[in-house]
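Coordinate inspection notes
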Amino acid sequence: MDKLLIRGGRRLNGEVTVSGAKNAALPELCAALLTAEPVTLTNVPRLQDVNTTLQLLRNMGARAERSEQQPDLVQIDASQVTSPEAPYDLVKTMRASILVLGPLLARFGEATVSLPGGCAIGSRPVDQHIKGLQAMGAEIVVEHGYIIAKAKRLKGARITTDMVTVTGTENLLMAATLAEGETVLENAAQEPEIPDLAEMLIAMGAKIEGHGTGKIRIQGVERLHGLPGPVGHRIIPDRIEAGTFLCAVAATGGDVVLRHACAAHLDAVIEKLREAGATIEAGDDWIRVRADRRPRAVSFRTSEYPAFPTDMQAQFMALNCIADGAAKVTETIFENRFMHVNELLRLGARIEVDGNTAVVRGVERLSGATVMATDLRASASLVIAGLVAEGETVVDRIYHLDRGYDRMEVKLRGLGADIERVTL
Ligand SMILES: CC(=O)N[C@H]1[C@@H](OP(=O)(O)OP(=O)(O)OC[C@H]2O[C@@H](n3ccc(=O)[nH]c3=O)[C@H](O)[C@@H]2O)O[C@H](CO)[C@@H](O)[C@@H]1O
Ligand SMILES: C=C(OP(=O)(O)O)C(=O)O
């Protein structure tokens, strides 16, 4: 099992390129199931979750390959899908596998998808996905751990989800593109990955309006076509990877330019980093961050986009650990997303958790130790803490990190960090 070995105390300087967004790549790979023609995606990040999705598509009989000459390019040909199924063994490693449900049901009239299990950050049910598809006329039973769905042809419907759900919106959006008539999704998620998915679907012939707002209107069409060519659909930059690097520099000090980054997707995080004392400038596809003194502690509360993302909570908490002052961090999206706290305590942080609120009192210095990654963003927060801690930090169980970060240690080393992957 791989570990990261970090010797802390170095400032970060230089340039780093941000990869394509994991949370756009996963639904967009699944969207290729909506057509019998080949689909090309570019700027596809090199992540374990992408590998798992490619495996899931191949398991159904689709062709899904990453180009050897151009590793950010993936081609999918779902003309020969023989079994519209997502088995437990693949779904258990990645919750986003649920994203095949809408496309399979819409194109093949049937789907059998393993229920994703509960996961470390919360119970994460998929009842809203099921309820929405039922409103579109699907017959769905859940038995033996599988969602078994059938529909001759889905019918457009007006759907208001009980809460804002990102993958729920994506599943229903994809399903609605091939449904008969109009679907209106109320209370839709507005995360940037949703308009990116909608733009891809529109390029495939779908009729969608209102994406990027809380109300999406879809007119179903008979069929969608492929996206051939050397570019196909280009995936937006990963705002969470970019935000993670911004927090790392704000914590260690330094001067770094992020290439292929979109500042407009990070407004809430950038505002908080400025409050913490970092200097941030941005252009069309770059962000520069400079930090030259101890950060100030900054309170924040996670919420749906465009507010502060839950996927940045752990990384910003690591910054608060060494900041001047105390900060209150409130998590409103997932009920159990403070598992990094116990590990940060092992590095000398002072944090008290009460329900969904953590009070972080900044300390002058953290001290390196062996810590264990518990989920994807928790891993990133431990890496940031390790970069500022005195001495050596070992981050164990980094398969969580590899799910969602594209060669993070290589990118950090390029900025001057003393970090290496140890394979035992
Ligand atoms: C692959 C992907 O894009 N993952 C992101 C997506 O996850 P994901 O789409 O799973 O998260 P949701 O937006 O669905 O979850 C929001 C809240 O709604 C609840 N809920 C959701 C659906 C449902 O049917 N029933 C229900 O109760 C969840 O338990 C959670 O408390 O959005 C999250 C919130 O921004 C991010 O942290 C994840 O990185
Ligand atoms: C929680 C996350 O991802 P997923 O929904 O894929 O588990 C994340 O990206 O932080």
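This is a predicted model, so every value here is computed, not measured.

Residues in contact with ligand 2, as listed here, are Asn23, Arg95, Ala96, Asp311, Leu376, Arg377 and Gly404. Taken together, the residues that form the shell around ligand 2 break down as two nonpolar, two polar and three charged. Two domains each provide a minimum of three residues to the shell around ligand 2, namely domain 1 (2–19 + 237–423) and domain 2 (22–234).

According to UniProt, the feature "binding site: phosphoenolpyruvate" (unreviewed entry) maps to Lys22 and Asn23 in the numbering used here. By secondary structure assignment, the location of Lys22 is in helix α1 (residues 22–31). Ignoring any residue separated from it by four or fewer positions in sequence, one finds Lys22 in contact with Pro45, Leu47, Asp49, Asp238 and Gly404. When you line up the elements, Asn23 lands in helix α1.

To continue, consider the sheet that holds strand β4 (residues 63–66). Overall, mixed pairing links the four strands, which are arranged β4-β5-β3-β14 in an open sheet. Two strands bound the open sheet, and with one partner strand each, they are β4 and β14 (233–234). Judged from the three bridges that link them, strand β3 (residues 39–42) and strand β5 (residues 74–77) form a sheet pairing that is antiparallel. The partner of Thr40 across the bridge, within β5, is Gln75.

The subject of this paragraph is the site of ligand 1. In the vicinity of ligand 1 lie 20 residues, with Asn23, Gln128, Thr165, Val166 and Thr167 positioned nearest. For the shell around ligand 1, the elements supplying multiple residues, two or more each, are α1, α5 (127–135) and α6 (166–177). Here the residues of the shell around ligand 1 sort into eight nonpolar, eight polar and four charged. Taken domain by domain, the makeup of the shell around ligand 1 includes at least three residues from each of domain 1 (2–19 + 237–423) and domain 2 (22–234).

On to the sheet that holds strand β6 (residues 85–86). Spatial ordering of the open sheet is given by β6-β7-β9-β8, a layout of four strands whose pairing is mixed. In the strand order of this sheet, the two ends are held by β6 and β8 (139–143), each with one partner. Across five bridges, the pairing between β8 and strand β9 (residues 146–150) is antiparallel. Bridging from a neighbouring strand, Val141 pairs with Ile148 of β9.

Quick look at the domain arrangement of the protein now. As assigned here, the protein comprises domain 1 (2–19 + 237–423) and domain 2 (22–234). Placing a centre on the C-alpha atoms of domain 1 and another on those of domain 2 gives a separation of 30 Å. Contacts between the two partners involve 19 residues from domain 1 and, on the opposite side, 14 residues from domain 2. Ranked by residues supplied to the side of domain 1 that touches domain 2, first place goes to helix α13 (residues 399–404) with three residues. Across the side of domain 1 that touches domain 2, the residue classes break down as four nonpolar, five polar and 10 charged.

Criteria and cut-off values
Residues numbered from 1 in each chain as written. Chains lettered and ligands numbered in written order. Predicted model: local features only at pLDDT ≥ 70, side-chain atom pairs only at ≥ 80, totals over all residues. Near = placed C-beta within 6 Å. Nonpolar A, V, L, I, M, F, W, Y, C, P; charged D, E, K, R; others polar. Domains from an automatic or database assignment. UniProt positions renumbered as here; feature names shortened; annotations may be inferred. Helix = DSSP H or I, 4+ residues; strand = E, 2+ residues; numbered from the N terminus. Contact = placed C-beta atoms within 7 Å. Pairing = 2+ DSSP bridges.

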